[in-house]
Amino acid sequence: FCSLIIFLANLEKKSIDPSLEKNKNEVKVINSRFGILNEPKIFHVKDEIPSVFLAADFAKIDLATEDAYLEKPQGKSFNMERGPVTYFAEKGLYDKNNSELKLDGKVLIKEDESSLKASKVVYKLNADEILGEGDVEFKGVLPKSKDLIFINALKFSHFPKRKITSFKENINGKIKRREAYREGINFKTDL
């Protein structure tokens, strides 16, 4: 009789308590190389001081390299000497190991009284260098005269800490004087 009970017990399918089973989604995340975040907020701290704040609609983070692929990134880079640099874009990649933020699609960068627009931008955070290309538009205020300056070009290099911006290729620009009686300046150049 005991042998019959043991035999029948082994034939029945063993059922596991549902609360002990792993969720199938959890298994995918554990076995995946990427983590997905909706509306993430990422902070990069350097020497215990915040250096970058990043927000996005969506982020896909490579768990091995800690790189973040971003949809509609926006945020600020902080530097106590010069103040924040604010940026917006359609897509982005935050490369943590190289301390680079690569922005793509209708990129807008604002700092103090100036703004830069471009198709693609690479912000080298450790080097304090911003490189951009494609339909570059700059609007700013000249520090001494407070005149407005507008520049269109194909490429730019910007060094926020040194407050230097250079433009390359097919440059068209104009300076609009603060005083209405002074004539503005229109210019074209390659550099």
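Rules and cut-offs
- Residues numbered from 1 in each chain as written.
- Predicted model: local features only at pLDDT ≥ 70, side-chain atom pairs only at ≥ 80, totals over all residues.
- Heavy atoms only, no water.
- 1 Å grid on protein atoms, 1.4 Å probe; cavity = no way out; pocket = protein on both sides within 12 Å on 5 of 7 lines; lining within 4 Å.
- Points joined across faces, edges and corners; volume = space filled by probe spheres on them.
- Helix = DSSP H or I, 4+ residues; strand = E, 2+ residues; numbered from the N terminus.
- Nonpolar A, V, L, I, M, F, W, Y, C, P; charged D, E, K, R; others polar.
- Contact = heavy atoms within 4.5 Å.
- Salt bridge = Lys/Arg side-chain N within 4 Å of Asp/Glu carboxyl O.
- Buried < 20%, exposed > 50% of the residue type's maximum accessible area, 1.4 Å probe, protein only.
- Phe/Tyr/Trp six-rings, centres within 6.5 Å; stacked < 30°, edge-to-face > 60°.
- Lys NZ or Arg CZ within 6 Å of the ring centre and 35° of its normal.
- Lys, Arg positive; Asp, Glu negative; His and termini not counted.

> Outline the layout of surface pockets, supporting the account with residue identities and numerical values.
Roughly 490 Å³ of internal volume is contained in the largest pocket. Ser 114, Phe 138, Val 141, Pro 143 and Lys 163 are the residues nearest the centre of the largest pocket, which is lined by 18 residues in total. For the lining of the largest pocket, the elements supplying multiple residues, two or more each, are β11 (129–141), β12 (148–159) and β13 (164–168). Tallied by class, the residues present in the lining of the largest pocket amount to 9 nonpolar, 4 polar and 5 charged.

> Describe the environment of Glu 133, listing the residues and the values that go with them.
Structurally, Glu 133 is set in strand β11. Setting aside chain neighbours within four positions, we find Glu 133 in contact with Ala 118, Ser 119, Lys 120, Leu 154 and Lys 155.

> Lay out the pattern of salt bridges in plain terms, naming residues and giving numbers.
On inspection of all chains with the given rule, the structure shows 7 salt bridges. A salt bridge links Glu 100 to Lys 102, with the nearest nitrogen and oxygen atoms 3.8 Å apart. In this structure Glu 100 comes out as buried when scored by relative accessible area, which is 15%. A network of salt bridges, in which partner residues are shared, links Arg 178, Glu 179 and Arg 182.

> Go over empty space enclosed by the protein with me, naming the residues and quoting the values.
With the rule as written, the count across this model stands at 1 cavity of 30 Å³ or more. Every residue along the wall of the largest cavity is listed here: Ile 109, Lys 110, Glu 111, Ser 114, Ser 115, Leu 116, Phe 138 and His 158. Of all elements in the fold, only β9 (100–111) and β10 (114–124) reach the threshold of two or more residues within the lining of the largest cavity. The residue makeup of the lining of the largest cavity, split by class, is 3 nonpolar, 3 polar and 2 charged.

> Break down the packing of aromatic side chains for me, citing the residues and quoting the values.
One pass over the structure, following the stated rule, counts 1 aromatic pair. Pairing Phe 138 with Phe 167 gives two aromatic rings, centres 5.6 Å apart and planes at 55°, and the pair type is tilted. Here Phe 138, found in strand β11, pairs with Phe 167, found in strand β13; they are 29 residues apart in sequence, far enough to count as distant. By relative accessible area, Phe 167 is classed as buried at 8%. Note that Arg 162 overlies the ring of Phe 159, its terminal NZ or CZ placed 4.4 Å from the centroid. When the ring centre of Phe 150 is taken as reference, the NZ or CZ atom of Lys 174 above it lies at 5.7 Å.

> I'd like a rundown of the environment of Leu 191, residues and numbers included.
Mapped onto the elements, Leu 191 comes out in the segment after β15 (185–189). The class for Leu 191 is exposed, based on a relative accessible area of 71%. Between the C-alpha atoms of Leu 191 and Asn 170, which are 21 residues apart in sequence, the distance is 8.1 Å. Among residues more than four places away in sequence, those in contact with Leu 191 are Phe 167, Lys 168 and Ile 171.

> Describe the side chain of Glu 129, with residues and values.
Mapped onto the secondary structure, Glu 129 falls in strand β11. The buried charged residue Glu 129 lacks any salt bridge, with Lys 124 as its nearest oppositely charged partner at 4.4 Å. If we skip the residues at most four places from it in the chain, Glu 129 touches Val 122, Tyr 123, Lys 124, His 158, Phe 159 and Pro 160.

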